[in-house]
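Descriptive analysis of the structure
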Amino acid sequence: MKNTFGNNLSLTLFGESHGASIGAVLDGLAPGIAIDDAYIRSQLSLRRPAGKISTARREADEYRIVSGVFEGRTTGTPLTILIPNTSQHSKDYSATRALARPGHADYTANVKYHGFEDYRGGGHFSGRVTAALVAAGAIVLSALRSKGIVIGTHIASCAGITDAEFDNIAAEISALNQKEFAVLDDEKGTLMREAIEAAAADGDSVGGVLQTAVLGMPAGVGEPWFDTVEGVLSHALFSVPAIKGVQFGDAFGMVNGRGSDYNDSFYISNEEIKTKTNHNGGVNGGITNGMPILFSCAVKPTPSIFKAQNTVDMFGRTDAVLELKGRHDPAIIHRARVVVDSVTALAIANLLVTRFGTDWLSVQD
């Protein structure tokens, strides 16, 4: 189904940017998982816009869990989350209804849904819907953490400015997950912010690369062909608006080297099998090898910009020029990182419960 991801643990998203509410349904969660309200709110705050580098639209994201939780723990039945929309400026879009915004899904949505789609703010295709994804992801992230699996993402590059590389991943993930602007080198973060502000002042936008690490994954999870770890994760990651590429380990760097450069040699450490390097990103043959899962996502520049752009009138079938009004992000990469963490958690959890059973995430042994 096009709005549902996962099989043994599934997530369904619903709602539109300017509708009454957005939401998510998690089905297949084990019973007994604690609901950490403070953590869910903290995760949602990382996705919300802040300052000059984000849109002026402000939503409180006062979510409600209306099913699947009793006395603070999951019941094992479908868990439904509702988040109301309270800051819509729908008139910003009515004047340009017929104009296909370059880089957006306006044209493809119009073709697919025969003109009946909610076009305001991108409707169901809007990044606004990711708030529900983050709320659901926070529940799964908490459950994974109780099993010793942690996930963290940093802005590896933005506007051509490169962050430091992962080194002491466990400590760095802990620090990153507390940061509003998730970089390893705060001085590079300042330069990135300045570049985003400069793009905004020019009516334009910038993109970058996010790098994610997953620690604590046991070896032997995943399938050799159509449900590889890379395949399941990529399926989820490409659902995040603006992600246009995914790389595991040093994938694209390998093409210019030799096998002797990029094969990860095995060794024994305290009777455990490990690799001396991790060029393959913790996956061999589609299956986890026990090393950190490492992957990177290319995040394109935000398509909503304030420069005049050539487009078409979809209804009049004529060429046109679009000049956007309203509230838009000059960059979304800093907000997208928590969304990436959330879809990663959902994909990883689905792989784990497929391997070990649906009750594996429960706190009860």
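The structure this text deals with has already been given above.
Read on for an overview of the structure. Model, not experiment: these values are computed from the prediction. (Residues numbered from 1 in each chain as written. Predicted model: local features only at pLDDT ≥ 70, side-chain atom pairs only at ≥ 80, totals over all residues. Heavy atoms only, no water.)

**As for the overall build of the chain**
Note the following rule: Every helix listed is a DSSP run of H or I at least four residues long, and every strand listed is a run of E at least two residues long, numbered separately from the N terminus. For a compact globule the rule gives 2.2 Å times the number of residues to the power 0.38, and the radius of gyration it is set against comes from C-alpha atoms. Only protein chains enter the accessibility calculation, which uses a 1.4 Å probe; a residue is then buried when its area is under 20% of its type maximum, exposed when over 50%, and partly exposed in between. Whether two residues are in contact is decided by their heavy atoms, any of which lying within 4.5 Å being enough. Residue exposure ignores everything except the shown protein chains as possible cover, and the areas themselves are Shrake-Rupley values with a 1.4 Å probe. Here Asp and Glu are counted as negative and Lys and Arg as positive; His is not counted, and neither are the chain ends. We put the charge of a Lys on NZ, of an Arg on CZ, of an Asp on CG and of a Glu on CD.
In terms of helices and strands, the chain carries ten helices and 18 strands. In summary, the chain has a C-alpha radius of gyration of 21 Å against a globular reference of 21 Å for 365 residues, a match within 12%. Taken along its principal axes, the extent of the C-alpha atoms in the chain is 70 × 50 × 35 Å. Here the chain, with 365 residues, has 50% of them falling under the buried criterion. A sequence separation of at least 24 residues applies to 71% of the contacts in the chain between residues at least 6 apart. By element, 52% of the accessible surface of the chain is carried by carbon and sulfur atoms, the whole surface being about 17000 Å². Computed over 32 positive and 39 negative side-chain charges, the inter-centroid distance for the chain is 6 Å.

**Some points on a nonpolar patch on the surface**
For clarity, the threshold we go by: Each patch is built from residues that are more than 30% exposed by relative accessible area and take part in no salt bridge. Like charges join if they lie within 9 Å; nonpolar side chains (Val, Leu, Ile, Met, Phe, Trp, Tyr) join within 5 Å. Within this document, salt bridges are pairs made up of a side-chain nitrogen of Lys or Arg and a carboxyl oxygen of Asp or Glu, the two lying within 4 Å of each other.
Together, Phe266, Ile268 and Ile273 make up an exposed nonpolar region whose accessible area comes to about 360 Å². Counting through the fold element by element, phenylalanine 266 comes out in strand β12 (residues 266-269). Phenylalanine 266 sits in the exposed class, given a relative accessible area of 55%.

**Brief notes about the state of the cysteines**
Defined as follows: Count a disulfide wherever a pair of cysteine sulfur atoms falls within 2.5 Å.
A complete count under the given rule lists zero disulfides for this structure. Cysteine 158 carries a free sulfur, and the closest cysteine sulfur to it, the one in cysteine 297, is 15 Å from it.

**Thoughts on the side chain of histidine 154**
Rules: We call two N or O atoms a polar contact when they sit within 3.5 Å, provided that within protein one can donate a hydrogen and the other can accept it, with sequence-adjacent residues counted only if both atoms are side-chain atoms.
Residue placement: histidine 154 occurs in strand β8 (residues 150-158). Residue histidine 154 is classed as buried on the basis of its relative accessible area of 1%. Within the structure, the side chain of histidine 154 is placed 2.8 Å from the side chain of aspartate 163, a separation counted as a polar contact. Polar contacts involving the side chain of histidine 154 include one to the side chain of glutamine 211, which spans 2.9 Å. In this structure histidine 154 touches Asp163, Ala164, Phe166, Leu176, Ala182, Val183, Leu184, Val209, Leu210 and Gln211, once residues within four positions along its chain are discounted.

**Some points on the packing of helix α4 (residues 130-146) against helix α10 (residues 333-356)**
Put simply, the rule reads: Inter-axis angles, ranging from 0 to 180 degrees, are taken between N-to-C directions of lines fitted to C-alpha atoms, where helices are fitted over the stretch in contact. Oblique is the label for every angle not falling under 35 degrees (roughly parallel), over 145 degrees (roughly antiparallel), or within 65 to 115 degrees (roughly perpendicular). By convention, the crossing between two helices is left-handed when the near helix turns anticlockwise from the far helix through less than a right angle, and right-handed when the turn is clockwise. Throughout, the ten residues Ala, Val, Leu, Ile, Met, Phe, Trp, Tyr, Cys and Pro are labelled nonpolar, Asp, Glu, Lys and Arg are labelled charged, and all others, Gly among them, are labelled polar.
Packing of α4 against α10 brings their axes to within 8 Å, and their N-to-C directions diverge by 50°. When the axis of α4 is compared with that of α10, the two are oblique. Here the hand of the crossing between α4 and α10 comes out left-handed. Contact with α4, carried on its side by Thr130, Leu133, Val134, Gly137, Val140, Leu141 and Leu144, involves Val338, Val339, Asp341, Ser342, Val343, Ala345, Leu346, Ile348, Ala349 and Leu352 of α10 and no other residues of that element. In terms of residue class, the contact of α4 with α10 is made up of 13 nonpolar, three polar and one charged.

**Comments concerning unusual backbone geometry**
The phi angle at alanine 242 is positive, at roughly 85°, despite the residue not being glycine. Accessibility expressed as a relative area gives 13% for alanine 242, which makes it buried.

**Some points on the nonpolar core**
Put simply, the test is: What makes a nonpolar core is a set of buried Ala, Val, Leu, Ile, Met, Phe, Trp, Tyr and Cys residues whose side-chain atoms join them at distances within 4.5 Å.
Core analysis: the biggest nonpolar cluster contains 80 residues, and Leu26, Leu144, Leu233 and Ile348 have the highest contact counts within it. The element contributing the most residues to this core is α10, with 14 residues. Isoleucine 348 has contacts with Leu144, Val214, Met217, Leu233 and Ile293, leaving out every residue within four places of it along the chain. Among the nonpolar cores identified, the runner-up in size contains eight residues, and Phe166, Ile169, Ile173 and Ala213 belong to it.

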